[in-house]
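Examining the three-dimensional arrangement
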Amino acid sequence: MGNLAQSLEELMQIDGASAAAVVDSNSGMVLGKAGGGGLDLDVAGAGNTEVVRAKMKTMKSLGLKDNIEDILITLGKQYHIIRPMTERPGVFVYLVLDKARSNLAMA
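These remarks concern the structure in this document. Keep in mind it's a predicted model, so treat the numbers as computed, not measured.

1. Some details on the overall build of the protein chain
The number of helices and strands found in the protein chain is two helices and five strands. Ordering the α and β elements of the protein chain from the N terminus gives α-β-β-α-β-β-β. Computed over the C-alpha atoms, the radius of gyration of the protein chain is 13 Å, within 12% of the 13 Å expected from 2.2 N^0.38 for a compact globule of 107 residues. By residue count, 36% of the 107 residues in the protein chain fall in the buried class. The contacts of the protein chain with a sequence gap of at least 6 include a subset with a gap of at least 24, amounting to 41%. In the protein chain, which carries 11 positive and 12 negative side-chain charges, the distance between the mean positions of the two groups comes to 8 Å.

2. Some points on the sheet that holds strand β5 (residues 91-98)
Strand order in the open sheet formed by five strands is β2-β1-β5-β4-β3, and the pairing between neighbours is antiparallel. Every other strand in the sheet has two partners, leaving β2 (30-35) and β3 (71-74) as the edge strands with one partner each. Taken over all neighbouring pairs, the strand axes of this sheet differ in orientation by 10 degrees on average, direction set aside. Strands in contact with helix α1 (residues 4-12) are β1 (17-24), β2 and β5; relative to β1, the strand with the most contacts, it is inclined by about 145 degrees.

Procedures and definitions
- Residues numbered from 1 in each chain as written.
- Predicted model: local features only at pLDDT ≥ 70, side-chain atom pairs only at ≥ 80, totals over all residues.
- Heavy atoms only, no water.
- Helix = DSSP H or I, 4+ residues; strand = E, 2+ residues; numbered from the N terminus.
- Rg over C-alpha atoms; globule rule 2.2 N^0.38 Å.
- Buried < 20%, exposed > 50% of the residue type's maximum accessible area, 1.4 Å probe, protein only.
- Contact = heavy atoms within 4.5 Å.
- Lys, Arg positive; Asp, Glu negative; His and termini not counted.
- Charge placed at Lys NZ, Arg CZ, Asp CG, Glu CD.
- Pairing = 2+ DSSP bridges.
- Axes fitted to C-alpha atoms, helices over the stretch in contact; angles between N-to-C directions.

Now the structure itself:
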């Protein structure tokens, strides 16, 4: 990911981005964060670690030998995108977008 701060800054340039974080899914610890939009990104990082772990456990139970590309959670006013980093296993990017100001396909 190169420079973490630079990567987070680039994520925040996406139209409608209100928060971004890079999270260690082994510990649930946030490695870097930007923005917030009223969210506690440390709490969000830990909570979304559980989402990733639950999906991995379900895939294992189903015998799926595949990788998660994205997890999209759609709320009334926001999109929450979780993207595991293939080049850094155990790390994922978490991005929060305002639905009214973002284009999900472009993000």
